[in-house]
Structure formats: structure tokens, C-alpha cells
Amino acid sequence: MAIQRQLTNERMSQIVIHQNTVYLSGQVAADDDLDKDAATQTRSTLQEIESLLAQAGSDKTRILSVTIYLKDIDADFAAMNSAWDQWLPGGTAPARATVEAKLCEPEILVEMSVVAAI
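Because the structure is predicted, anything quoted here is derived from the model rather than measured.

Colleague: So, the pattern of salt bridges: which residues are in play, and what are the values?
Modeller: Pairs may arise between side chains of opposite charge once their charged atoms sit close together. Per the stated rule, a full pass over the model turns up 2 salt bridges. Salt-bridge contacts for Lys-36 lead to Asp-33; the nearest nitrogen and oxygen are separated by 3.4 Å. Assessed through its relative accessible area of 39%, Lys-36 is described here as partly exposed. We classify Asp-33 as buried; its relative accessible area is 17%. As a salt-bridge pair, Glu-50 and Lys-60 come within 3.8 Å of each other at their nearest N and O atoms. In this pair, Glu-50 is assigned in helix H1 (residues 38-56) and Lys-60 in the loop between H1 and strand E4 (63-70), connecting sequence segments 10 residues apart.

Criteria and cut-off values
Residues numbered from 1 in each chain as written. Predicted model: local features only at pLDDT ≥ 70, side-chain atom pairs only at ≥ 80, totals over all residues. Heavy atoms only, no water. Salt bridge = Lys/Arg side-chain N within 4 Å of Asp/Glu carboxyl O. Buried < 20%, exposed > 50% of the residue type's maximum accessible area, 1.4 Å probe, protein only. Helix = DSSP H or I, 4+ residues; strand = E, 2+ residues; numbered from the N terminus.

Here it is, written out as C-alpha cells:
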């Protein structure tokens, strides 16, 4: 089966599909939300992920794993978790890792990489 790449530019594809699995890497909040707090950025990032999953033929209940990168895990973990818990339907929790990381721009507080089934 061929690898499908969607929303591709010279540096990355926002959606990569292979063998009924979709990969979404480096998802961040919409530009309008980058100057806001971690809860707002998490909600915005999750909206972006939900939209990309729909374009790929999947949805948030089919997420297999997610890695969440936080700029300041001590300051932002609780806010991110609250937004996450409100977004994810009960009984569908994927494998998940949350780590502190130096993100590419000072305004970015939350970044997520997602693997989901189609």
C-alpha cells in the first residue's frame, strides 16, 4: 500500500496515511491562540487535530497514541489535562505520553503528535 501524504509543503505533510493508520505530527494551536494560556492552546490544538483526523477519514475515538509536548510541564500540565479530559469521550483514552520540551517558538506552550486508526 502506498503512503499517502496530504496538506504537504516543502518541509512536512500535516497528514500521512499508511496501512489504515494516520499520523499527525507537530500539531499546535491556531495562530490566533498562540498568545493565550495552555488551556486555550490545548483546546485549539485539539480542534486542529479533530479537523485533520476527519480529513483523513478517522476521528478522535480512534486515536491509538498521542505524545504531548509542554513548554512548562509544572505550569501547564493541569490546564492541558482539563482541556484534554473535556475533549476526549469517556472510554476512548489512547496510549499517551506527556513530556516537557523546548518548543520551536516562545508562544507555543503545547504541541501534539497523534497516531490513529482509520
